[in-house]
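# Descriptive structure summary
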Amino acid sequence: MNKIELLFDGTTIINFPFIIKLFKRYLKSSIFISLFLTAICLSFYFMQEEVYWTSISFSDATEDKTDAGMKGLSMLMGDKKGGLRATDILNLRSSIDFNRKIAISITESEFFKKLRF
């Protein structure tokens, strides 16, 4: 208890001269420990897996060109005529409702509980 009382002062709460004296005494150790902890934190940050990532791309999707794949995808999305164009499908990524439907279908999947976050 005596050692802890040396760190406290009656007027400034913390005994700054004593803390500076300790810092000078253990300068190498304090620098090494801070560098070591920084390296560990950086390694954890860069080694973590990516949790959320989205990418929607079409290699040769043009607005005038409609093929069986586009018609099938537009029928799947609920368009009966098959008239969805590539830009409509590409814009789905920014749609809140579409993202919400995808998130709900993912979280209701039986494999979602097995994922490691």
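Preceding this paragraph is the structure being described.
None of these values were measured; they are calculated from a predicted model.

### Quick notes on the overall build of the protein chain
For the protein chain, the count of helices and strands is 6 helices and 2 strands. When the helices and strands of the protein chain are placed in sequence order, the string is α-β-β-α-α-α-α-α. Burial analysis of the protein chain (117 residues in total) assigns 6% to the buried set. For the protein chain, long-range pairs separated by at least 24 residues make up 26% of all intrachain contacts whose partners lie at least 6 apart in sequence. Total accessible area on the protein chain is roughly 10,900 Å²; 63% of this is exposed by carbon and sulfur atoms.

### Examining a nonpolar patch on the surface
Among the surface-exposed residues, Ile4, Leu7, Phe8, Ile13, Ile14, Phe16, Ile19 and Ile20 lie close enough to one another that they form a single nonpolar patch of about 740 Å² accessible area. Of all elements in the fold, only helix H1 (2-7), strand S2 (13-14) and helix H2 (16-25) reach the threshold of two or more residues within the nonpolar patch. At 3 residues, the largest contribution of residues to the nonpolar patch is made by H2. One can find Phe8 in strand S1 (residues 8-9). Of the residues examined, Phe8 reaches a relative accessible area of 52% and is grouped as exposed.

### A look at the packing of aromatic side chains
By the definition in use, this model includes 2 aromatic pairs. For the pair Phe32 and Phe36, a centre-to-centre distance of 6.2 Å together with 20° between the ring planes defines the contact as stacked. Residue Phe32 and its partner Phe36 are both found in helix H3 (residues 27-47); the two are separated by 4 residues, about one turn of the helix. On the basis of relative accessible area, Phe32 is assigned to the exposed category, the value being 57%. With relative accessibility at 46%, the residue Phe36 sits in the partly exposed group. With centroids separated by 5.1 Å and ring planes inclined at 75°, the aromatic side chains of Tyr45 and Phe46 adopt a geometry described as edge-to-face.

### Points about the pattern of salt bridges
Summed over the entire model, instances satisfying the criterion amount to 1 salt bridge. Across the pair Asp97 and Arg100 runs a salt bridge, and its minimum N-O distance is 3.9 Å. Of this pair, Asp97 and Arg100 both sit in helix H6 (residues 96-107), 3 residues apart, which is roughly one turn of that helix. Like Asp97, the residue Arg100 is exposed in the burial classification.

### Here's the deal with the environment of Leu6
Structurally, the position occupied by Leu6 is in helix H1. Look at Leu6 and you get partly exposed, because its relative accessible area is 47%. Along the primary structure Leu6 and Phe18 are separated by 12 residues, whereas in three dimensions their C-alpha atoms are 7.6 Å apart. Those residues in contact with Leu6 that sit more than four places away from it in its chain are Asn15 and Phe18.

What counts, and at which threshold
Numbering of residues starts from 1 in every chain and runs along the sequence as written. In keeping with the predicted nature of the model, local features appear solely for residues at pLDDT of at least 70, side-chain atom pairs appear and are counted solely at 80 or more, and the whole-chain, interface and lining totals rest on all residues. To obtain the side-chain values, all non-hydrogen atoms of the structure were included, while hydrogens and water were left out. Helix numbers and strand numbers start at the N terminus; a helix is a DSSP run of H or I with at least 4 residues, a strand a run of E with at least 2. Buried means the residue's accessible area, taken with a 1.4 Å probe over protein chains only, is under 20% of the maximum for its type, while exposed means over 50%, and partly exposed covers the values in between. By the convention used here, residues are in contact when the closest approach between their heavy atoms is within 4.5 Å. Here the accessible surface of atoms and residues is derived via Shrake-Rupley with a 1.4 Å probe, and residues count as covered only by protein chains that are part of the display. Patch criteria: residues need more than 30% relative accessible area and no salt bridge. Like-charged residues are merged within 9 Å; nonpolar side chains of Val, Leu, Ile, Met, Phe, Trp and Tyr are merged within 5 Å. Every case where a carboxyl oxygen of Asp or Glu lies within 4 Å of a side-chain nitrogen of Lys or Arg is listed as a salt bridge. Pairing of aromatic rings covers Phe, Tyr and the six-membered ring of Trp, with a centre-to-centre limit of 6.5 Å; geometry is then stacked below 30 degrees between planes, edge-to-face above 60, and tilted otherwise.

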